[in-house]
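# Coordinate analysis (summary)
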Amino acid sequence: MLCGATAMGCSGQKAFLPLLVLAGTGAAAIGVAIMSSSGMLEKTIAFLKNHHQQEVLKVAYGDAQEDRISQLSDDLLSEILSRLDLIEAIRTRILARRWNNICQVRSRLLLDCRKICGESQRIHTGSRRHKYRFLKAVDQTFQLYSGQKIVHIHLICCLGNEVAPSYDRWMQTIATLGVQSLLLKFCTPICHDENGPYSSVDLYPLPLQLLFEATSLKILNLLNCVLQPSFKGKFNSLQYLNMISVPLDNGELPHILASCVNLRQLSLCNCKLPPKLRISGQCLQLQRLHVELCIGVKEIDIHAVNLSFFYLYSDKMVELSLHYVPKLKDLLVSGNGIGVVPYLFGQVVKDCPALELFMLQTKANELGHMPATIYMFRNLRMLYLLMIFEFEADLQSVATILDACPLLEKLYLLARWPGFSEHLGGAWPARHYGHLKELEYKGFHGTGCEIEFVVYLLQSAPALDRVFIGSAYSTYSAEYKWTRYIDYVMDDAERQLIYKQLVEHALSSKVQVIFRN
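Residues numbered from 1 in each chain as written. Predicted model: local features only at pLDDT ≥ 70, side-chain atom pairs only at ≥ 80, totals over all residues. Heavy atoms only, no water.

## Quick word on the packing of aromatic side chains
For any two aromatic rings, the description comes down to two numbers: the centre-to-centre distance and the angle of the planes. Scanning the entire structure with this criterion turns up 16 aromatic pairs. Members of the aromatic cluster, each reached through a chain of ring pairs, are Trp428, Tyr433, Tyr441, Phe444, Phe453 and Tyr456. Taking the ring centre of Phe309 as reference, the NZ or CZ of Arg288 above it sits at 3.9 Å. (Phe/Tyr/Trp six-rings, centres within 6.5 Å; stacked < 30°, edge-to-face > 60°. Lys NZ or Arg CZ within 6 Å of the ring centre and 35° of its normal.)

## Some remarks on the pattern of salt bridges
A full pass over the atoms with the stated rule returns ten salt bridges. In this structure, Glu440 and Lys410 form a salt bridge, with 3.9 Å as the shortest nitrogen-oxygen distance. Remark: Lys410 occurs in strand β17 (residues 410–416) and Glu440 occurs in strand β18 (residues 438–442); sequence separation between them is 30 residues. The exposure class assigned to Glu440 is buried, which follows from its relative accessible area of 10%. Measuring nitrogen to oxygen at the nearest pair gives 3.6 Å for the salt bridge that ties Lys442 to Glu440. You can call Lys442 buried: its relative accessible area is 11%. Where salt bridges share partners, they join Lys410, Glu438, Glu440, Lys442, Arg466 and Arg516 into one cluster. (Salt bridge = Lys/Arg side-chain N within 4 Å of Asp/Glu carboxyl O. Helix = DSSP H or I, 4+ residues; strand = E, 2+ residues; numbered from the N terminus. Buried < 20%, exposed > 50% of the residue type's maximum accessible area, 1.4 Å probe, protein only.)

## Examining the sheet that holds strand β11 (residues 299–303)
If you trace the three strands from one edge of the open sheet to the other, you get β9-β11-β13, paired in parallel fashion. Each end of this open sheet is capped by a strand with a single partner; those strands are β9 (276–279) and β13 (319–324). Looking at each pair of strands side by side, their axes are set apart by 15° on average, direction ignored. As paired elements, β11 and β13 share four bridges and run parallel to each other. For His303, the partnering residue across the bridge sits in β13 and is Tyr324. (Pairing = 2+ DSSP bridges. Axes fitted to C-alpha atoms, helices over the stretch in contact; angles between N-to-C directions.)

## Here we look at the pairing of strand β20 (residues 473–477)
Counting buried residues along β20, five of its five residues qualify, which places the element largely inside the surrounding structure. Side chains Tyr473, Thr475 and Ser477 project from β20 onto one buried face, and the interleaved Ser474 and Tyr476 project onto a second face that is buried too. For β20 and strand β21 (residues 481–485), the ladder comprises five bridges, and the chain directions are antiparallel. Its bridge partner being in β21, Tyr473 is matched across the sheet by Tyr485.

## Thoughts on helix α11 (residues 340–350)
Those residues of α11 that fall on the buried side of the exposure criterion are Val340, Val341, Leu344, Phe345, Gly346, Val348 and Val349. Along its buried surface, α11 packs onto β13, β14 (330–334), β15 (357–362), β16 (382–388) and α12 (396–403). (Contact = heavy atoms within 4.5 Å.)

## A short note on the packing of helix α13 (residues 448–460) against helix α14 (residues 492–503)
Contact geometry for α13 and α14: axes closest at 9 Å, N-to-C directions at 35°. As α13 runs across α14, the sense of the crossing is right-handed. Between α13 and α14, the residues in contact are Ile451, Val454, Val455 and Leu458 and Ile498, Gln501 and Leu502, respectively. When grouped by side-chain class, the residues that make up the contact of α13 with α14 number six nonpolar, one polar and no charged. (Left-handed = near helix turned anticlockwise from the far one by under 90°. Nonpolar A, V, L, I, M, F, W, Y, C, P; charged D, E, K, R; others polar.)

## A look at the side chain of Thr362
Mapped onto the elements, Thr362 comes out in strand β15. Within the local environment of Thr362, its side chain forms a polar contact with the backbone oxygen of Gly335, the two atoms lying 2.9 Å apart. Dropping the residues within four chain positions of it, Thr362 is found in contact with Gly335, Asn336, Val340, Val341, Leu386, Met387 and Ile388. (Polar contact = N/O pair within 3.5 Å; in protein donor to acceptor, adjacent residues only side chain to side chain.)

## Side note on the nonpolar core
Formed by 128 residues in total, the largest nonpolar core has its most connected members in Met243, Leu266 and Phe310. Element by element, the count of residues in this core is highest for α13, at seven residues. In contact with Phe310, other than residues within four places in its own chain, are Leu289, Val291, Ile300, Ile302, Leu320, Leu322, Leu328, Asp330, Leu331 and Leu332. (Core = buried A, V, L, I, M, F, W, Y, C linked by side-chain atoms within 4.5 Å.)

## Focus on helix α10 (residues 252–259)
Those residues of α10 that fall on the buried side of the exposure criterion are Glu252, Leu253, Ile256, Leu257 and Ser259. Buried residues of α10, seen end-on, are gathered within an arc of 165° and therefore sit on one face of the element. Looking at the buried residues of α10, the elements they touch are β6 (226–227), β7 (240–244), β8 (265–269) and β9. (Arc of directions from axis to C-beta.)

## A word on the environment of His154
Summarising the element assignment, His154 is placed in strand β2 (residues 152–156). For the pair His154 and Leu182, spaced 28 residues apart in sequence, the C-alpha separation works out to 5.9 Å. Every residue in contact with His154, bar those within four places of it in the chain, is listed here: Leu109, Leu110, Leu111 and Leu183.

## With respect to the environment of Cys294
Position of Cys294 relative to the elements: it lies in the loop between β10 (288–292) and β11. On a C-alpha basis, the gap between Cys294 and Ser245 in space is 8.7 Å, while along the polypeptide they are 49 residues apart. Not counting chain neighbours up to four residues away, the residues in contact with Cys294 comprise Leu268, Cys269, Asn270, Cys271 and Leu273.

## Here's the deal with the packing of helix α8 (residues 128–144) against helix α9 (residues 164–174)
The contact between α8 and α9 brings their axes to 11 Å, and the two run at 20°. The angle between α8 and α9 falls in the class roughly parallel. Crossing of α8 against α9: the hand is left-handed. Between α8 and α9, the residues in contact are Phe134, Leu135, Val138, Asp139 and Phe142 and Ser166, Arg169, Trp170, Thr173 and Ile174, respectively. (Parallel < 35°, antiparallel > 145°, perpendicular 65-115°, else oblique.)

Nothing here speaks to function; it is geometry throughout.
As structure tokens, then:
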């Protein structure tokens, strides 16, 4: 960071001097917080350069001149303080009169037992002294911030259900702080196996109704707790609800949906669900639904007229009922099991006439078992097919899928199987894909069947102007992340040979064939 200040010239160095003095006079944490962000550093220096007096920072006592750091705007000062941990932030109150009102400008509050008690203190093995220290610190912090507004609060406490009365008291206090984004985590993740045993022992039973008074709460993240089975009230302001490792198999979800009348996004991850999950409600405004690696669920029935995005990531086959989701535009499904491919391209497609983006990822060896009739994707623009096979697949089955996508503009294809077979399929059907503009083929090894498939599209799609080919490939993993793999690398000579084969068969002379690693 000193190098960054030097690059700003002599005047920038002079303006930066107070930060160095501050860091050397008992407030090192503030100097580190400012220098940790280049954007914040530039804003702070720009402010200091507007002051002509370049003297050593003075601490304001009585009528003494106020230090220039304290003259920063509330927004910038709040950003600096938000980068400090709780203890450091409170210590800054001794610096000047302005800092005594630190509560009024701090917009983020992180209460983490692992930080306050020390990283070495384990969740359930910490001494009673450390537990008491954390409980006292949280109580004192909420007293300090009483009557103030904290926009973001993260509370991470791993002391188990033995301190439930303290949790209840904190929930009541949080509801009065004008919080807009709240994260609550009460213990380590719950362990469960493939068959579904799910332990909720010693989990805090969160009385959700205690937060109903948080009238400005828009984002709520709940991790590793249980919800009381019934509660009354409304979360009128809540728009985003994310639950991770929260048991929801005893009727909790219908109560939540009935209470959150303005909910826009619901995310369920590693939650235990009932065999049939029903998402519905008279006033349901839900637009986005995420269900990821939840156990127990075998069927998902959705009645949500405003839902436009649905993401399902599962290790097993899950039946979907989407007939009452008329506005669904983006459907992303990752699942395995017998019947996945025929089912998704059969009944599910029929129920989603408005789809514009469809992603299917599966390890099922069923590409050759497509239904005799595929319902038309009449509005589909982007199709992602990520398929991992145990044996060689016939890529002509992909052409059958494309026949059902008359408006398709982009195709992302990953088709992986063991070995490098040069087996070629039979005669390709004559087709015309008039809207297809882009093909991205990943996991490409340059085999005869792969080249044959790309040539087929180049000859059938006159508007195709970009073809991306790469031997590396990515699969969609949990938490909305792409995981990249490289198991084969084409050399330059192989690329040139394949490039020549593809270009000479293209209908358009303007097509670009681009190789990527």
